[in-house]
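Structure assessment
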Amino acid sequence: MPAITDVKSKFSPAVTALLPLFYIGWSDSVLSPSEIKMIHRRINSMSFLTKQEQAYLIKWTDPRNPPGVEIFKEWVNAIQKHASHISPNEKHSISDLCHSMVTTMLNGDDISNIQPRLKQAINEIEEALGLDNQASLKILLDRLGAPVLPTKEKSSFDVGLMEKTLDGRFRHTKVRMRRLLEDPFFSYREMRTKEKYRAQVLEWIKALASQGLGSYAFPSRYGGGEKSGDHIAVFEMLAHHDLSLTVKFGVQFGLFGGAIYELGSESHHAHYLESLGKAELLGCFAMTESGHGSNVKGLETTATYNKSDDTIVVHTPHEGAGKEYIGNAMHSSVSVVFAQLIVKGIKHGVHAVVVPLRDAQGDLLPGIRVEDNGYKMGLNGVDNGKIWYDQVKVPRTNLLNRYGGINETGEYYSPIANPNKRFFVMLGALVAGRICVGLAGVNVSKNALAIAIRYALKRRQFEGRNESEEMLVMDYPTHQRRLIPLMARTYAYHASLSRLAVDFVESGEEERRKIETQAAGLKAIATWHCTRTVQECREACGGKGFLSENRIPDLKADSDIFTTFEGDNTVLLQLVAKGLLTEFKQAFHDGGFWAVARYLRSRIANTFAEYNPYYARLTNVSHILDRNFHRHALRYREKKLLISVAGRMQSYLQKRLHPHDAFLKCQQHMVDLGKAYVERLAFKDFLAMIDDAPDTLQPVLNKVAQLYALTCIEEDKGWFLETGYLEGNKTKAIRRVINKLCQELRYESRGLVDSWGISDIILGAEIIQ
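**Focus on the overall build of the chain**
Within the chain, the regular secondary structure consists of 29 helices and 13 strands. Counting the 769 residues in the chain, one finds 56% classified as buried. Excluding contacts between residues fewer than 6 apart, the proportion of contacts in the chain whose partners are at least 24 apart in sequence is 74%.

**Overview of the nonpolar core**
Phe338, Tyr491, Phe686 and Leu701 are the most contacted members of the largest nonpolar core, which totals 176 residues. Discounting residues that sit within four places of it in the chain, tyrosine 491 has contacts with Met162, Leu166, Phe686, Leu701, Val704, Leu752, Ser755 and Trp756.

**As for the sheet that holds strand β4 (residues 323–326)**
With antiparallel pairing, the three strands of this open sheet are ordered in space as β4-β8-β7. The sheet terminates laterally at β4 and β7 (368–372), the two strands that pair on one side only. Taken over all neighbouring pairs, the strand axes of this sheet differ in orientation by 20° on average, direction set aside. Alignment of β7 against strand β8 (residues 385–389), held across five bridges, turns out to be antiparallel. Opposite valine 370, over in β8, you have isoleucine 387 as the bridge partner.

**Here's the deal with the packing of helix α16 (residues 477–506) against helix α24 (residues 667–692)**
Packing of α16 against α24 brings their axes to within 8 Å, and their N-to-C directions diverge by 80°. Judged on the interaxial angle alone, α24 and α16 are roughly perpendicular. Here α16 contributes Ala488, Arg489, Tyr491, Ala492, Tyr493, Ala495, Ser496 and Arg499 to the contact with α24, which in turn contributes Glu679, Leu681, Ala682, Asp685, Phe686 and Met689. When its residues are assigned to classes, the contact of α16 with α24 shows nine nonpolar, one polar and four charged.

**So, the packing of aromatic side chains**
Here the structure, examined in full by the defined rule, presents 14 aromatic pairs. Of the aromatic side chains, those joined through ring pairs into one cluster are Tyr636, Trp719, Phe720 and Tyr725. Over the face of the ring belonging to tryptophan 388 we find arginine 369, whose NZ or CZ atom lies 3.8 Å from the ring centre. Here the basic side chain of lysine 578 rests over the ring of phenylalanine 663, its NZ or CZ set 4.7 Å away from the ring centre.

**What about the pairing of strand β6 (residues 346–356)?**
Relative to β6, strand β5 (residues 334–343) runs antiparallel, the two sharing nine bridges. What sits directly across from glutamine 340, in β6, is valine 350. If you look at the hairpin formed by β5 and β6, you'll find two residues sitting between the two strands, and lysine 344 has a positive phi there, around 55°.

**What about the pattern of salt bridges?**
Applying the stated criterion across every chain, the model contains 40 salt bridges. Close ionic contact of glutamate 195 with lysine 194 constitutes a salt bridge, the shortest N to O distance being 3.0 Å. Overall, lysine 194 belongs to the buried group, its relative accessible area being 11%. Arginine 746 is the partner of aspartate 475 in a salt bridge, and the nearest nitrogen-oxygen pair spans 2.6 Å. Highlighted residues: aspartate 475 in the loop between β13 (470–472) and α16 and arginine 746 in helix α27 (residues 728–746), separated in sequence by 271 residues. Take aspartate 475 and arginine 746: they sit in the same class, and that class is buried. Here the residues in one salt-bridge network are Arg489, Arg532, Arg637, Glu679, Glu715 and Asp716, joined through shared partners.

**Regarding the confidence of the model for the chain**
When pLDDT is averaged across the chain, the result is 87; 86% of the residues are at 70 or more. Throughout residues 1–8 the model reports pLDDT below 50, and contacts reaching past four residues in sequence, or to other chains, amount to 23 contacts. Here residues 147–152 scores under 50 on pLDDT; set against residues more than four positions off or in separate chains, the count is 12 contacts.

**Brief notes about the packing of α16 against helix α17 (residues 512–540)**
Between α16 and α17, the least distance of the axes is 10 Å, while the angle of their chain directions is 155°. The angle between the axes of α16 and α17 places the two elements in the roughly antiparallel class. As for the relative orientation of α16 and α17, their crossing is left-handed in sense.

**Some remarks on helix α10 (residues 194–210)**
Within an α-helix, residues lying three or four positions from one another point in the same direction, as the helix has 3.6 residues per turn. Given a rise of 1.5 Å per residue, 17 residues ought to cover 24 Å, and the 24 Å separating the end C-alpha atoms of α10 matches this to within 8%. Lys194, Tyr197, Arg198, Gln200, Val201, Leu202, Trp204, Ile205, Ala207, Leu208 and Ala209 are the residues of α10 that are buried. On the buried face of α10, the contacting elements are α9 (171–181), α11 (228–238), α12 (243–263), α13 (266–277), β7 and α18 (552–559). At the C-terminal side of α10, glycine 212 shows a positive phi close to 85°.

**Regarding unusual backbone geometry**
In the Ramachandran plot, asparagine 328 falls in the positive-phi region, its phi being about 75° despite a non-glycine side chain. Looking at the element boundaries, asparagine 328 is found in the loop between β4 and β5. Residue classification places asparagine 328 among the buried residues on the basis of a relative accessible area of 1%. Although it is not a glycine, arginine 656 adopts a positive phi angle of roughly 70°.

**What to know about helix α8 (residues 159–167)**
Met162, Glu163, Thr165, Leu166 and Asp167 are the residues of α8 that are buried. The inward-facing, buried residues of α8 contact α9, α16, α24, α25 (698–715) and α28 (749–754). One side-chain oxygen at the N-terminal end of α8 lies 2.9 Å from the backbone nitrogen of glycine 160; it belongs to aspartate 158. Positioned one or two residues after α8, glycine 168 has a phi angle of 70°, which is positive.

**Thoughts on the pairing of strand β3 (residues 311–315)**
Across the five residues of β3, five count as buried, placing the element largely inside the fold. Along β3, one buried face is formed by Thr311, Val313 and His315 and the opposite face, lined by Ile312 and Val314, is buried too. Connecting the antiparallel pair strand β2 (residues 302–306) and β3 is a turn made up of four residues, with aspartate 310 showing a positive phi of about 55°. Here four bridges tie β3 to strand β9 (residues 392–395), and the two strands are oriented antiparallel to one another. Bridging from a neighbouring strand, valine 313 pairs with lysine 393 of β9.

**A short note on the side chain of arginine 489**
Structurally, arginine 489 can be placed in helix α16. By relative accessible area, arginine 489 is classed as buried at 5%. A distance of 2.7 Å separates the side chain of arginine 489 from the side chain of tyrosine 493, its partner in a polar contact. When residues no more than four places from it in sequence are discounted, the contact partners of arginine 489 are His529, Arg532, Glu679, Tyr708, Thr711, Cys712 and Glu715.

**Overview of the environment of proline 419**
Secondary-structure assignment places proline 419 in helix α14 (residues 419–428). As for proline 419 and glycine 404, which are separated by 15 residues in sequence, their C-alpha atoms are 9.7 Å apart.

**Side note on the side chain of threonine 563**
Summarising the element assignment, threonine 563 is placed in the loop between α18 and α19 (569–611). In contact with threonine 563, other than residues within four places in its own chain, are Lys523, Thr527, Trp528, Thr531, Asp568 and Asn569.

**Some remarks on the environment of serine 93**
Checked against the element boundaries, serine 93 lands in the loop between α4 (69–83) and α5 (94–105). A C-alpha to C-alpha distance of 9.4 Å links serine 93 and glutamate 126, two positions 33 residues apart in sequence.

**Quick word on the environment of valine 678**
Tracing the backbone shows valine 678 in helix α24. For the pair valine 678 and leucine 634, spaced 44 residues apart in sequence, the C-alpha separation works out to 9.9 Å.

About the criteria used
Residues numbered from 1 in each chain as written. Predicted model: local features only at pLDDT ≥ 70, side-chain atom pairs only at ≥ 80, totals over all residues. Heavy atoms only, no water. Helix = DSSP H or I, 4+ residues; strand = E, 2+ residues; numbered from the N terminus. Buried < 20%, exposed > 50% of the residue type's maximum accessible area, 1.4 Å probe, protein only. Contact = heavy atoms within 4.5 Å. Core = buried A, V, L, I, M, F, W, Y, C linked by side-chain atoms within 4.5 Å. Pairing = 2+ DSSP bridges. Axes fitted to C-alpha atoms, helices over the stretch in contact; angles between N-to-C directions. Parallel < 35°, antiparallel > 145°, perpendicular 65-115°, else oblique. Nonpolar A, V, L, I, M, F, W, Y, C, P; charged D, E, K, R; others polar. Phe/Tyr/Trp six-rings, centres within 6.5 Å; stacked < 30°, edge-to-face > 60°. Lys NZ or Arg CZ within 6 Å of the ring centre and 35° of its normal. Salt bridge = Lys/Arg side-chain N within 4 Å of Asp/Glu carboxyl O. pLDDT = per-residue confidence, 0-100. Left-handed = near helix turned anticlockwise from the far one by under 90°. Expected span 1.5 Å × (residues − 1). Polar contact = N/O pair within 3.5 Å; in protein donor to acceptor, adjacent residues only side chain to side chain.

Here's what the structure looks like:
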């Protein structure tokens, strides 16, 4: 046996050096069959071990006979003895600890004889168990009560470089917005009366307009910057600040301004864009009615052309058809009204008409009635109101006529003959609103997580191993499980919506339908995620999360509406599913026989994966962490849901069921399909972002992506188990790997939230000061 130099142990140096791997492998849960097989192979190949030592190590890989408490104590004592003799600077991963331990125990000749072979074995076992990183070492030393390197919260990556990478194409504008919002002019104020709050928000709006930010998306000849992507970035960054300001900015420059720009012609641009971009002309977007919110096609307000005086008469036919929840209603001089256009007794569907509301003195014009919506759950800095129009006449030229107008002879015309297509093209021109709301939801999630995680990294509660000091809340596995998977989802949705914003800016008419589908789905999933995240962060901060001074109450109250404005999320996911079904049907129509052949091949391939016992049971860590497994699982779920819902719809229609009734029977199925599509899309976009990121950032981002994908699978494990894609032992293994990823990312969490670039001033929470 090799001689031990200074520290006595009941184990040989080679056995002692392997104990950290055995300890961390078993303390997380159980070893999978493939992991056990690999460990046996490596142990049996270690010729420098005695037969007794090999038997000892193999004995403790039997899942039917896991090591007991006494054995664990022996291992802990041995590791502690030798780890305490090593400089913290030598500890970079578990394998580094193992190598350093054996070096302190061996003489020079023995080191050269044993260490190269031992090092190779240790590295292979460490990699197979997914422990080849510094975070695993920190977890081990923390459990042992040994000094953890580093003691200061320090990331393994460059936070500044990560921030730059996440900011992406519009970084210049995002940096500008951070500096602007840190100005004392934009400091948070306690404003509990809506009148005072609204006045402050209006003052902020005018200040932003004076910076040129209101007209970023408009043509330069009207004072704009011709930078629609930067306009989206401004809205996105405002969501780190006061959400009433964010929403009012979106209404004035995005909805009202966007309707004029996207739906109007050159004459409308010349008349309105410059003054509205400077916030000299305030306007509103009057679409939603008391009786019709998501169903825009069913709006009841009418816009009837009167040839005798060449005017359009806008009218609210009854009280329930009044425009409701209209942002900017109490401050606006002008409204863009969405109404059923009637020309010569023929309805041409929903069109937009510019209708003045107030005169130069701010008094309501004849035929206009406006009421304040009053206090709301949140966003009380936004002046929402109800509007009714009583036979209000406006010139024919007030019709926004890019997609449909009335000529001088009183005839209706449109470049799009099909009224249904015209309706969807018109609404598609306003798709930027859904992208903006989705990005705002992501940024609210970032705010809440930054506050909760930073607080958890300083808040201590209950005595741990060290009786003189209480444990950090962030060191509790339950706390990690609450917050870190939500952080991973936030990263994924950020990547996907950022990509979509760029695609939107660069897209032509032919790509718009695909972008509309993705915008609807990502808006829905990102804002539901926002609501869930803010609530979890509120609870994670305890009573402190309930105090207004820590901003979470305002984030919760102000963002809750995101799930229903710019489209109810449940309805939006059904729109996503309809889009996917349309593409599916079109693929068969265009592809003919070969499309059917491809479909059958994919069914066979997926059936093999579904019922392949080896794949369904495969539980080794390297497989579970493999992005190819994640891709296949998420793609398989989406495709199977798409094929099955299409089959159900076809079956119902063949049975002569009315299409509406067939749709109702498949409604929940379609929502599940929409969600599956968006989660797969977000993962695809996240991986693309990672592959384009600097090499030094990819290791930590890959861990975040692994956690995102595995939590998507885990949260829908009932479906995966029902379909036979996974078996129970594999879902258990996934749970164990998620726990391990959360533990590892705990040590990166401060850097990951700091990479969002939200300063203490903008966060505005006392508990992180």
